[in-house]
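# Results of the structural survey
What follows is the residue order along each chain.
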Protein chains: 2
Amino acid sequence: MVTAITLDNIEHLAIGSSFLGTGGGGDPYLGSLLCREAIAKLGPVRVISVDELSDDDNVFIAAAMGAPTVMIEKLFSIEDQHRAVETLERFLGRQATAIISAEIGGCNSMMPVAYAAMRGLPIVDGDGMGRAFPALQMTSFNIEGVACAPLTIADEHGNSVLYQTTTGLKAEELARPVAAAMGASVCMSCYPMTGAEARRAAIPKTLSGAIGIGEAISRSNDPRAPIDRLIAVLRAHDYYKDAEVIFRGKITGLERDTSKGWVFGSCTVSAMNGPEQAELKFQNENLIVTVDGRLRCIVPDLVTIVDAETAHAIPTERLAYGQRVAVVGCSAPPMLTTPRALDVVGPACFGLTESYRPIASLSKDMI
Amino acid sequence: MVTAITLDNIEHLAIGSSFLGTGGGGDPYLGSLLCREAIAKLGPVRVISVDELSDDDNVFIAAAMGAPTVMIEKLFSIEDQHRAVETLERFLGRQATAIISAEIGGCNSMMPVAYAAMRGLPIVDGDGMGRAFPALQMTSFNIEGVACAPLTIADEHGNSVLYQTTTGLKAEELARPVAAAMGASVCMSCYPMTGAEARRAAIPKTLSGAIGIGEAISRSNDPRAPIDRLIAVLRAHDYYKDAEVIFRGKITGLERDTSKGWVFGSCTVSAMNGPEQAELKFQNENLIVTVDGRLRCIVPDLVTIVDAETAHAIPTERLAYGQRVAVVGCSAPPMLTTPRALDVVGPACFGLTESYRPIASLSKDMI
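In this report, the structure presented in the accompanying data block is examined.

Cut-offs and rules
Residues numbered from 1 in each chain as written. Chains lettered and ligands numbered in written order. Predicted model: local features only at pLDDT ≥ 70, side-chain atom pairs only at ≥ 80, totals over all residues. Heavy atoms only, no water. Buried < 20%, exposed > 50% of the residue type's maximum accessible area, 1.4 Å probe, protein only. Helix = DSSP H or I, 4+ residues; strand = E, 2+ residues; numbered from the N terminus. Pairing = 2+ DSSP bridges. Axes fitted to C-alpha atoms, helices over the stretch in contact; angles between N-to-C directions. Contact = heavy atoms within 4.5 Å. Buried area = accessible area lost by both parts, 1.4 Å probe. Salt bridge = Lys/Arg side-chain N within 4 Å of Asp/Glu carboxyl O. Polar contact = N/O pair within 3.5 Å; in protein donor to acceptor, adjacent residues only side chain to side chain. Parallel < 35°, antiparallel > 145°, perpendicular 65-115°, else oblique. Left-handed = near helix turned anticlockwise from the far one by under 90°. Nonpolar A, V, L, I, M, F, W, Y, C, P; charged D, E, K, R; others polar.

### Some remarks on the pairing of strand β16 (residues 294-298) of chain A
Residue and element names in this part refer to chain A.
- Along β16, four of the five residues are buried, which leaves the element largely enclosed by surrounding structure.
- Sheet topology note: the strand β15 (residues 285-291)/β16 ladder contains four bridges and is antiparallel. Counted as the bridge partner of T290 is L295 from β16.

What follows is the structure, given as structure tokens:
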């Protein structure tokens, strides 16, 4: 059980988040540097379970919004993050008592840790996605009826903007152009929740889940191959347990198109020996994988391309021709696969025509 | 002395504001309908002088932002205005005790009256421009060091946005694209002030000034021509006293270019008998007038084109070839002509190369 984020497990969180980022969510490496600095200076960050929240706790999100390509170049600033949260606190007339991640996949799992360290607040073991998704409204918070707004964004020049909108989609629509005008990468806070709301609407245990995944991949005193350790830790997890290596091979095709603030594209992986091919499609995050035309895993279930040797996740922007990879799939947290959830994060939300089917049922068909 | 806005003087306010709008600021006619309705239902709006404000009064602005052409088509809503002010009140943690206009020229002189009626609050006899200007930072509030932000805007769909920026210029830069995304016409509140700040930074007596101008133009029991009555009332005013008819004739040239949310252009007026010509340039508002190449009046002094018969101001968007007009110029409030003020509202701020010279000194040269 994880009770604190320390200098010992921050690297595990970065590696595990990268896996749960399913290709998107940005690279957590720079974020881990910021966390390391904050923890070294201010001490470990206490981790509390969702159940430990009291009804009237004030749970605030710390997050980054923008193009991952820009985020890599602009190191996050805790001060900017504070301005986003502070503006929201001032508007709501209440102070944060706990911090939570909006998405555990990618760099948005790191910023909240550094920010919680600065504020001396605990971080909640949970998040709103249990993975990464490309848009603000794609959260369990939204699925469970928590309003995205008021939402705040802050830039590195001392400016902040607060949105009080009728829908999460509208907040997304009005915030993206300002985020772009602010330099394509901003700090954000949204979905302010009471403890009671967070208990109901957050996906629990994803922070400890990410650390567990990262720890398994990194473990040096284990004779099994890193990918076998990865599959084993996923199978032992409450959500990600229907896990398997869907395909192994090398990247032989890659198409990427950056438009409207997202990276759309596809990736072909070919078997080393034999004619089999796996085909992936992504919008920042990997969405769907087919092998020789047969559906093997589809969003909201997780598809991640990992390095064949190290089992480290390879984000969409780092895919390259000739890489030797494994395509790993696993089941999504159950909160993401209800009929109501599929209206928000299901295949149709990404323009896919295929219906959602759990990875376990797709695997059964293969036998 | 004006102590209340009533059904009797609301029309005078509209006509006077139109003159002080110097061609821009939007048409106050629709706003006057809204005021009429509000006053009929809720009673007259008490007018208080700047001196009556106590130090800890909370003076809030009610205003519209957007393209005048769109504003004409979308009638203002008091509810939307309330959402803009309410968002600001909530963020600041204090309630408005008085309402003030940001600009007395054009439609922004009307909305605050209707809104004050709704809130049962007094309206201050003063504003931030003493005329109309095309941008948020061009106010006496800014000149006197009052911050433009926090600034709020609200649309007709229930969305509102709050900006906490380091400069008024930045607020303008970040608010315009969202205003455009919201439909090019939104309600706004900004420059929240204490009573002490408003006493120092507002231009006093401009609301009663506008009513006086409108009353003089409309008066039916006065044998003098409307334009003579207009010049007489301006000459009796504290600020606008250096007033004269600069030119009479008909419009023989007109260029208008709508870009970046403004109307840029020029207008040529030719004498009825003789070769003389007056040339005006505008950016929403009229900026400069020359007669046969000689400078006669330049911003921040006021230049308004009025109908030759009725003396009603003709806004930029209603100018038409062949109209018989008089070009009236008058001096600006002294708060707008200090060296510090000219850095904010002087000719260079509009890309003009001519330096500011008071209309009185330019007239003297003509003798």
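Having seen the structure, we can now continue with the description.
### Overview of the sheet that holds β15(A)
Residues and elements named next belong to chain A.
- The antiparallel open sheet is built from seven strands, whose spatial order is β16-β15-β14-β13-β12-β18-β17. Only two strands of the sheet have a single neighbouring strand rather than two, namely β16 and β17 (302-307). For this sheet, the mean inter-axis angle between neighbouring strands, taken without regard to orientation, is 35°.
- Inspection of the sheet shows β17 paired to strand β18 (residues 324-330) by six bridges, in the antiparallel sense. Residue pairing for β18: I305 is matched across the bridge by V327.

### Here we look at the interface of chain B and chain A
- Between chain B and chain A, the residue contacts involve 20 residues of the former and 20 residues of the latter.
- Between chain B and chain A lies a buried interface of about 1,800 Å² when both sides are counted; carbon and sulfur atoms form 57% of it.
- One can count zero salt bridges joining chain B with chain A.
- Here chain B is connected to chain A by seven residue pairs in polar contact (both at pLDDT 80 or more).
- Those elements that provide at least two residues to the side of chain B that touches chain A are α4 (78-92), β8 (160-164) and α7 (168-181) of chain B.
- The dominant element in the side of chain B that touches chain A, judged by the number of residues it contributes, is β8(B), at five residues.

### Here's the deal with unusual backbone geometry
- Geometrically, the link from A:A149 to A:P150 is a cis peptide bond, its omega value of 0° lying close to zero.
- Here A:P150 lies in the loop between α6 (140-143) and β7 (151-154).
- The amide bond that connects B:V299 to the next residue, B:P300, takes the cis arrangement and shows omega of 10°.
- Secondary-structure assignment places B:P300 in the loop between β16 (294-298) and β17 (302-307).
- Not every positive phi belongs to a glycine, and A:N284 is a case in point at roughly 60°.
- Here A:N284 shows up in the loop between β14 (277-283) and β15.
- A positive phi is found at A:A311, a non-glycine position, where the angle reads about 65°.
- Summarising the element assignment, A:A311 is placed in the loop between β17 and β18.

### Focus: the packing of helix α9 (residues 206-218) of chain A against helix α10 (residues 226-235) of chain A
All names here are of chain A.
- Between α9 and α10, the least distance of the axes is 8 Å, while the angle of their chain directions is 155°. Looking at the two axes, α9 sits roughly antiparallel to α10. Where α9 crosses over α10, the two elements pack in a sense that is right-handed. Each of G212, I213, A216, I217 and S218 in α9 lies in contact with α10, whose residues at this interface are P226, R229, L230, V233 and L234.
- When the residues that make up the contact of α9 with α10 are grouped by side-chain class, the tally is seven nonpolar, two polar and one charged.

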